[in-house]
Amino acid sequence: MLQNREVAGATMGAGRRPTAVTFGPFGFLSVAVPVVLAAVFLPIVSFGVADPFGLRWSWLALLFVVASMTITRFAGGRGAEGDALWRSGPRDLAYRTQKYASVVLLGLVVIAFVGFLMQLPVFVTVVSALAVGVTTGVAPAFFLRRERGDAD
């Protein structure tokens, strides 16, 4: 049985860089950029602000998708070592904060989007501001340094 696990670990992508980084400063970058873009995009569209280009803000949605994908790829290439260090370390409060922050923030952005669909612009603005506040609040956990000796 042990042999099978070793073979599976060796043949199922071991050593590849991660697609998305969850931990460390680059993990924060992967989380913060989409949250800030959504916090800007949803209130602007929900309040019906006129688009300067006359495209009904479709260009901003494209910018949101392209920026999120670019940041994720950038962070995946640069933060792979730190991500692996955090994953191999102890499961302390900083680890759990970093692991679940993206889920909580995604939930807040989804709630803001539901408010947008229900045409509640003030609610969208408040929830977007809350998402930015939570992103700022969890930032110190992402910038803690994990040393090689901590990975016990």
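The structure this text deals with has already been given above.
Criteria and thresholds
- Residues numbered from 1 in each chain as written.
- Predicted model: local features only at pLDDT ≥ 70, side-chain atom pairs only at ≥ 80, totals over all residues.
- Heavy atoms only, no water.
- Helix = DSSP H or I, 4+ residues; strand = E, 2+ residues; numbered from the N terminus.
- Buried < 20%, exposed > 50% of the residue type's maximum accessible area, 1.4 Å probe, protein only.
- Contact = heavy atoms within 4.5 Å.
- Polar contact = N/O pair within 3.5 Å; in protein donor to acceptor, adjacent residues only side chain to side chain.
- Arc of directions from axis to C-beta.
- Expected span 1.5 Å × (residues − 1).
- Bend = angle between axes of the 7 residues up to and from the residue.

## A closer look at the environment of Phe143
Part 1: Secondary-structure assignment places Phe143 in the segment after α6 (121-142).
Part 2: Looking at Phe143, the relative accessible area reads 46%, which means it is partly exposed.
Part 3: In this structure the C-alpha to C-alpha distance between Phe143 and Pro25, which are 118 residues apart in sequence, comes to 5.4 Å.
Part 4: If near-sequence neighbours (up to four positions away) are discounted, Phe143 is found in contact with Pro25 and Phe28.

## So, the side chain of Ser68
Part 1: If you trace the backbone, Ser68 turns up in helix α3 (residues 58-78).
Part 2: For Ser68, a relative accessible area of 13% corresponds to the buried category.
Part 3: Engagement of the side chain of Ser68 in a polar contact is seen with the backbone oxygen of Phe64, the distance being 2.9 Å.

## What about helix α4 (residues 80-88)?
Part 1: Residues of α4 that are buried include every one of Asp83, Leu85 and Trp86, and no others. An end-on view of α4 places all buried positions within 160° of arc, on one side of the element.
Part 2: Turning to α4, the residues buried within the fold contact α2 (24-46), α5 (93-117) and α6.

## A word on α5
Part 1: Spanning 25 residues, α5 covers 35 Å between terminal C-alpha atoms, matching the ideal 36 Å at 1.5 Å per step.
Part 2: A bend of about 35° at Tyr100 is the largest found in α5.
Part 3: Along its buried surface, α5 packs onto α2, α4 and α6.
Part 4: Of the residues flanking the end of α5, it is Gln119, one or two places downstream, whose phi is positive at about 60°.

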